[in-house]
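# Observations on the model geometry
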Amino acid sequence: MPFFHIFILSVVQGLTEFLPVSSSGHLALTPKLLGIADQGVLMDVAMHVGTLFAILLYYRRDIWRIAFAVLQGRNTPHPAARRLGFYIIVGSIPAFALGMVIHLMFPDGIRSVTVIAATTIFFGLLMGIADMFGRQQKTVEDVTLKTAFLIGCAQALALIPGTSRSGATMTAARFLGLTRVDAAKFSFLLGMPAMAGAGLLSFLEILETDDAGLWHDAATAVGLSFLAGLLAIHVMMSWLKRAGLMPFVFYRMFLGGFLLVYFLA
């Protein structure tokens, strides 16, 4: 794959993974808009791995605290961090279960423009309602088992392109009363196991191909999406400290309408 194509796709993935506008939808649409060959599911996952590394770096202190608390068990001096680690695992179960089903039914992924347009608009409207009417009373420390599971179910829905993983989980978290900043933080932390699992499966598939060119392209995509993702997390968290999600809702309405007119009219 030409470097310019990898660069464009990696930047798109890195920026849209942490903005509630659907990275998978943008990755499916970008080749159609640019008139280039579709990059395929393996490259999509490689770029998601890059954004996983961005989360690991940005939240490294929280992740270390959670990991050590889980390993220490009941004797940990950080029981809240241990509970959060357990809730992240529980919240990841729905996405793993549905992900296996979708992988078996659609091995090449869902790339339908109609699906992307519909989910972009529908889940964008839901996000707007949640942001306008959701109470801002709870933090990540207030997350319960039930809350984590419900947000995890929302994350599973985001396997459908156009839904947006961060958008769906932040929408659910806002409906459940989390503040915007804490909704985003829990969303990003919850995404780690799913990204890691998908990355491992794709790594095993790349091993079977023994294609040096694919290795090179995947490594380049990981690095570029990591840098773009790190920037996107910083911008998103800074934005949410002083403003809401409505600009992203308006963008989703525009994008969904554009897709309906451009591709389907």
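Our structure's up above, just so we're on the same page.
These remarks concern the structure in this document. (Residues numbered from 1 in each chain as written. Predicted model: local features only at pLDDT ≥ 70, side-chain atom pairs only at ≥ 80, totals over all residues. Heavy atoms only, no water.)

## Structural notes on the packing of helix α4 (residues 60-72) against helix α5 (residues 79-105)
It is the contact of α4 with α5, at a shortest axis distance of 8 Å, that shows an interaxial angle of 95 degrees. Judged by the inter-axis angle, α4 sits roughly perpendicular to α5. Across the interface between the two elements, R65, I66, A69 and V70 from α4 touch A81, R82, L84, G85 and I88 from α5. Here the residues of the contact of α4 with α5 are counted per class, giving 6 nonpolar, 1 polar and 2 charged. (Axes fitted to C-alpha atoms, helices over the stretch in contact; angles between N-to-C directions. Helix = DSSP H or I, 4+ residues; strand = E, 2+ residues; numbered from the N terminus. Parallel < 35°, antiparallel > 145°, perpendicular 65-115°, else oblique. Contact = heavy atoms within 4.5 Å. Nonpolar A, V, L, I, M, F, W, Y, C, P; charged D, E, K, R; others polar.)

## With respect to the environment of L150
Relative to the assigned elements, L150 resides in helix α7 (residues 145-157). For the pair L150 and V90, spaced 60 residues apart in sequence, the C-alpha to C-alpha distance is 9.9 Å.

## Some remarks on the packing of aromatic side chains
We describe a pair of aromatic rings using the distance from one ring centre to the other and the angle between the two ring planes. Summed over all chains, the structure comprises 8 aromatic pairs. Plain terms: the ring middles of W64 and F68 are 5.5 Å apart, the flat faces sit at 20 degrees to each other, and that makes the pair stacked. Taken together, the positions of W64 and F68, both in helix α4 and 4 residues apart, correspond to about one turn of that helix. Among the residues examined, W64 registers a relative accessible area of 55% and is labelled exposed. Geometrically, the ring pair formed by F254 and F258 is stacked, given 6.5 Å between the ring centres and 15 degrees between the ring planes. Pair noted here: F254 and F258 are both in helix α11 (residues 246-264), with a separation of 4 residues, about one helical turn. You can call F254 exposed: its relative accessible area is 57%. One aromatic cluster in this structure is built from F18, Y58, Y59 and F188. (Phe/Tyr/Trp six-rings, centres within 6.5 Å; stacked < 30°, edge-to-face > 60°. Buried < 20%, exposed > 50% of the residue type's maximum accessible area, 1.4 Å probe, protein only.)

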